[in-house]
Amino acid sequence: MLPAVVKLCCGISYPHLRSMSGLQRTAVTVISKEITQMKHWAQIKHHMGKHAEPKTEVAVSEDQLLYIQHGKEALRKAVSMLEDREGWKLEIQENNGDVICSKVIPGAGKVFRLEAVLEASLDDLYDLLFVSVEDMHQWNPSVQQIKVLKRAGPETIVTHEVSAETTGNLIGQRDFLSVRHSCKQKSCLYLGGAAIQLESFPPQAGFVRAEDGPTCIVIKALDEDTTKSSFTWLLNMDVKGWLPKSIVNQGLPRAQLDFTRHLRKRLSLR
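Treat the numbers as computed from the prediction; the structure is a model and nothing was measured.

### A word on the side chain of Asp-175
(1) Moving on: Assignment of secondary structure puts Asp-175 in strand β6 (residues 174–184).
(2) Moving on: The class for Asp-175 is buried, based on a relative accessible area of 0%.
(3) Moving on: Within the local environment of Asp-175, its side chain forms a polar contact with the side chain of His-160, the two groups lying 2.8 Å apart.
(4) Moving on: Ignoring anything within four residues of it in the chain, the contact list for Asp-175 reads His-160, Glu-161, Val-162, Gln-204, Phe-207, Val-208, Arg-209 and Ala-210.

### Here's the deal with the confidence of the model for the protein
(1) Moving on: Per-residue pLDDT for the protein averages 83, and the proportion of residues at 70 or more is 77%.
(2) Moving on: A low-confidence stretch, residues 1–38 stays under pLDDT 50, and its non-local contacts, those more than four residues away or across chains, total 12 contacts.
(3) Moving on: Under a pLDDT of 50 for its full length, residues 49–57 has, in the predicted model, 7 contacts with residues more than four places off or in other chains.

### Some words on the pattern of salt bridges
(1) Moving on: Taken as a whole and assessed by the stated rule, the structure comprises 11 salt bridges.
(2) Moving on: In this structure, Arg-209 engages Asp-175 in a salt bridge whose closest nitrogen and oxygen atoms are separated by 2.9 Å. Separated by 34 residues along the polypeptide, Arg-209 in strand β8 (residues 208–209) and Asp-175 in strand β6 bring together distant segments of the chain.
(3) Moving on: A salt bridge links Asp-238 to Lys-240, with the nearest nitrogen and oxygen atoms 3.2 Å apart.
(4) Moving on: Residue Asp-238 is classed as partly exposed on the basis of its relative accessible area of 38%.
(5) Moving on: Residue Lys-240 is classed as partly exposed on the basis of its relative accessible area of 32%.
(6) Moving on: Each member of the salt-bridge network shares a partner with another, and the members are Arg-85, Arg-113 and Glu-115.

### A few points about the packing of helix α4 (residues 122–131) against helix α5 (residues 245–267)
(1) Moving on: Between α4 and α5, the least distance of the axes is 12 Å, while the angle of their chain directions is 120°. The angle between the axes of α4 and α5 places the two elements in the oblique class. Between α4 and α5 the crossing geometry is right-handed. Judged by residue contacts, Leu-125, Leu-128 and Leu-129 of α4 engage Phe-259, Leu-263, Arg-266 and Leu-267 from α5.
(2) Moving on: A breakdown of the residues in the contact of α4 with α5 according to their chemical character gives 6 nonpolar, no polar and 1 charged.

### A few points about α5
(1) Moving on: Helix length check: α5, at 23 residues, gives a terminal C-alpha distance of 33 Å against a target of 33 Å (1.5 Å per residue), a fit within 8%.
(2) Moving on: Buried residues in α5 make contact with β1 (89–93), β2 (99–105), β3 (109–118), α4, β11 (225–235) and β12 (237–238).

### Looking at the packing of aromatic side chains
(1) Moving on: Evaluated as defined, the whole model comprises 3 aromatic pairs.
(2) Moving on: Taking the centre distance of 5.7 Å and the plane angle of 10° together, the rings of Tyr-126 and Phe-130 count as stacked. Taken as a pair, Tyr-126 and Phe-130 lie in helix α4 at a separation of 4 residues, close to a single helical turn. Both residues of the pair, Tyr-126 and Phe-130, belong to the buried class.
(3) Moving on: Taken together, the ring pairs connect Trp-139, Trp-233 and Phe-259 into an aromatic cluster.
(4) Moving on: Just above the ring of Trp-88 sits the side chain of Arg-113; from NZ or CZ to the centre is 4.6 Å.
(5) Moving on: A cation over an aromatic ring shows up here: Lys-184 above the ring of Tyr-126, its NZ or CZ 5.7 Å from the ring centre.

### Some details on the environment of Lys-184
(1) Moving on: Residue placement: Lys-184 occurs in strand β6.
(2) Moving on: Counting along the chain gives 61 residues from Lys-184 to Asp-123, while the straight-line C-alpha distance between them is 9.3 Å.
(3) Moving on: A distance of 2.8 Å separates polar atoms of two side chains, one belonging to Lys-184 and the other to Asp-123.

### What about the pairing of β1?
(1) Moving on: By the criterion of burial, β1 is predominantly exposed, with just 0 of the 5 residues buried.
(2) Moving on: Here β1 pairs with β2 via 4 bridges, running antiparallel. When the sheet's bridge partners are listed, Ile-92 is paired in β2 with Ile-100.
(3) Moving on: Where β1 hands over to β2, the hairpin turn is made up of 5 residues, of which Gly-97 adopts a positive phi near 100°.

About the cut-offs
- Residues numbered from 1 in each chain as written.
- Predicted model: local features only at pLDDT ≥ 70, side-chain atom pairs only at ≥ 80, totals over all residues.
- Heavy atoms only, no water.
- Helix = DSSP H or I, 4+ residues; strand = E, 2+ residues; numbered from the N terminus.
- Buried < 20%, exposed > 50% of the residue type's maximum accessible area, 1.4 Å probe, protein only.
- Polar contact = N/O pair within 3.5 Å; in protein donor to acceptor, adjacent residues only side chain to side chain.
- Contact = heavy atoms within 4.5 Å.
- pLDDT = per-residue confidence, 0-100.
- Salt bridge = Lys/Arg side-chain N within 4 Å of Asp/Glu carboxyl O.
- Axes fitted to C-alpha atoms, helices over the stretch in contact; angles between N-to-C directions.
- Parallel < 35°, antiparallel > 145°, perpendicular 65-115°, else oblique.
- Left-handed = near helix turned anticlockwise from the far one by under 90°.
- Nonpolar A, V, L, I, M, F, W, Y, C, P; charged D, E, K, R; others polar.
- Expected span 1.5 Å × (residues − 1).
- Phe/Tyr/Trp six-rings, centres within 6.5 Å; stacked < 30°, edge-to-face > 60°.
- Lys NZ or Arg CZ within 6 Å of the ring centre and 35° of its normal.
- Pairing = 2+ DSSP bridges.

What follows is the structure in structure tokens.
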């Protein structure tokens, strides 16, 4: 439906473009951009909808359905934040091409977007970042432990993560209770998540429980080289505690760079 609408609009407006004012042309451009984004997100939702149901006829509990919905909604919100390209400010630009930008979003606070290119396929990254997430401490010294507490079908898990006490960690040790949801397509992978509360797993003594807001990683295979992937990570986190915002805003992008460096090192060992 949308492609037909675009063609119709273009067919009607093209003869009049030369007579349009600058404001009118801007409006046409904005509308076209919005339609493109709607098409893109519709494709993601279609894929997620297909995979929200179990692949075999297995009973799914009410709690599992809630985890799936929570994960899908977190992914939807996070991808929407990424797709809004306005208002981002450059924070860090590395010599290897990695770039981190930040943006203040109402209701979410300051979020950070890292963009990088990794020498890895979608399958490699899907395995490291989702399927084998419990093994992350083996290659990422910033993680002490990740444990999968619950599974809701093949695409949704509930995890408890404990960060490690490492030298130079400005934020300090935290623990996280989160829903993680994956959406894997042929040439694109979406990993989303957000904090969740469980009566059966309250905050642990000795830890400050931080909370992930809607956050996501988007990985796309590069057309010219299927062994390389673009890697975009939206970090949206409330670290809790009494840390000054200035310390938090220094620590979070540094954590993104550290994670990406450890990930590259792990990929080089394949």
